[in-house]
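# What the coordinates show
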Amino acid sequence: MISSCNLQYFCQNYVLQMKVLHILYQSLPQISGSSIRSRDLLMSQKEIGLDVLAVTAPFQSFSSVEEVIDGIRYLRTSINVRESISDKKKPLHIRVLRIFQMLKFYVKLKKIIQRENPNILHAHAMFFCGLPALYLGRKFKLPVVYEVRSLWMLNKSFGSNKGYKALIENLLFRVELYVMKRASLVIAINDNLKQELVDRGIEEAKISVIKNAVNTSLINTLIQNLGSNKSRKEGFNFGYIGTLTSHEGIDMLIKTFADLNLEHPNCKLKIYGSGVEEENVSKLAKEYKNVEFLGSIHPSNVPQAFESVDIIVNPRYKNKLTDSVTPLKPLEAMAYEKFFIGSDVGGIKELVEHGVHGYLFKAGNGSDLMDKMIKAMNLEKEEFDKIKRRAGTYVNTHKSWIANAHDYNKIYWNLTKAI
């Protein structure tokens, strides 16, 4: 029996012997908020000494059964598949057929567990990963952590569909709850999401919160490699860097900037990203002067994208999803020491304090957004830079993935000790 005074010391040493198998629905090289969180989670856990590897679901196309990305082993369960994971809506029969592939995934995952002999199974939503992890955890007497990043089926249209669509929504939601209730522990990415899960019947004591963070070690290295190109130009470059979906509010950003640009013609708006709204954003950008749509961006070019802008704007619309999910974009912007302006949805308010780390505006209100954009431009350089530095310090001190990795390790140790 380990005394409480020695637990922390033992835990820090036990980390070197802990092997964690992460079960991912999607991963790099596909770029999304989910795959970036997974990358940073895995890299930080490895950095503190955990033995980590990942296995991915069979819905991404890969050229080999195993590859190493950023020093992490990724084991693939399919090669050269025609399907892909994206935000685009898929026909019902495609989604149903994916469920039938779960048995094959289960068999492959079982063989991987037998070969790799992990101490922990860490499944990441959705239930396609969670269900096999539950049954295999029971079979091999391994703790199962289930990480929930959003109630993805509870978007703003949830409950409004009829017939088979409503039936599918309800079924998917119930399966997710089934997995959460039977996992050894559930991880939510913020307090709002945790409360939502409690309200839906998940026992509060079995939910831990590991909030979104950024890989400060990687970002600082990328910034150093980028060098300095700080020559001051006239006007300000506003920017958006991220996924293009309907709830991100890019349409409002473009129209608001166009109005601002009439009075401030030296300013520009640069939009980087891809997603279901890519075509609409591209068309809208062409209608206005000084708006550049630059398309998708490779991770290696992200530092250059941030370097090209002065102020990052995240104008998310307000709905159940944006109120409960904390995005990575504000944290990345602050880590790169860019001035940040975001809407006051719950997910962003949890990360950014108005006037301290940047500015917040009323979600969906273009007039208030313009007011904050002009206010930021009119700041004295000393105050402008002070807010950026304060935000950067805040992220490095409180929102680093290294701190999260130690929290994960404590969770893993407590679960393995309980068995």
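In what follows, the structure referred to is the one given above.
How each quantity is defined
- Residues numbered from 1 in each chain as written.
- Predicted model: local features only at pLDDT ≥ 70, side-chain atom pairs only at ≥ 80, totals over all residues.
- Heavy atoms only, no water.
- Axes fitted to C-alpha atoms, helices over the stretch in contact; angles between N-to-C directions.
- Helix = DSSP H or I, 4+ residues; strand = E, 2+ residues; numbered from the N terminus.
- Parallel < 35°, antiparallel > 145°, perpendicular 65-115°, else oblique.
- Left-handed = near helix turned anticlockwise from the far one by under 90°.
- Contact = heavy atoms within 4.5 Å.
- Nonpolar A, V, L, I, M, F, W, Y, C, P; charged D, E, K, R; others polar.
- Pairing = 2+ DSSP bridges.

## Considering the packing of helix 9 (residues 250–263) against helix 15 (residues 366–377)
- Following both chains from N to C, one finds helix 9 and helix 15 inclined at 55 degrees, their axes separated by 10 Å at the closest point. In terms of orientation, helix 9 lies oblique with respect to helix 15. Seen from above, helix 9 lies across helix 15 with right-handed handedness. When helix 9 is examined against helix 15, the residues Met252, Leu253, Thr256, Phe257, Asp259 and Leu260 are found in contact with a partner set consisting of Gly366, Leu369, Met370, Met373, Ile374 and Met377.
- By residue class, the composition of the contact of helix 9 with helix 15 is nine nonpolar, two polar and one charged.

## Re the packing of helix 9 against helix 10 (residues 278–286)
- The interhelical angle for the contact between helix 9 and helix 10, taken along N-to-C directions, is 5 degrees, at an axis separation of 10 Å. Considering the angle they form, helix 9 stands roughly parallel to helix 10. Of the residues in helix 10, those touching helix 9 at Ile250, Asp251, Ile254 and Lys255 are Val281, Leu284 and Ala285.

## What about the sheet that holds strand 14 (residues 359–361)?
- In space, the six strands of this open sheet follow the order 11-10-9-12-13-14, with parallel pairing throughout. The open sheet is flanked by strand 11 (291–295) and strand 14, the only strands paired with a single partner. Geometrically, the sheet is characterised by an average inter-axis angle of 25 degrees between neighbouring strands, direction not taken into account.
- As paired strands, strand 10 (residues 268–272) and strand 11 are joined by four bridges and run parallel to one another. Paired with Ile271 across the strands is Phe293, a residue of strand 11.
- Against the sheet, helix 10 touches strand 10 and strand 11, its axis set at about 150 degrees to strand 11.

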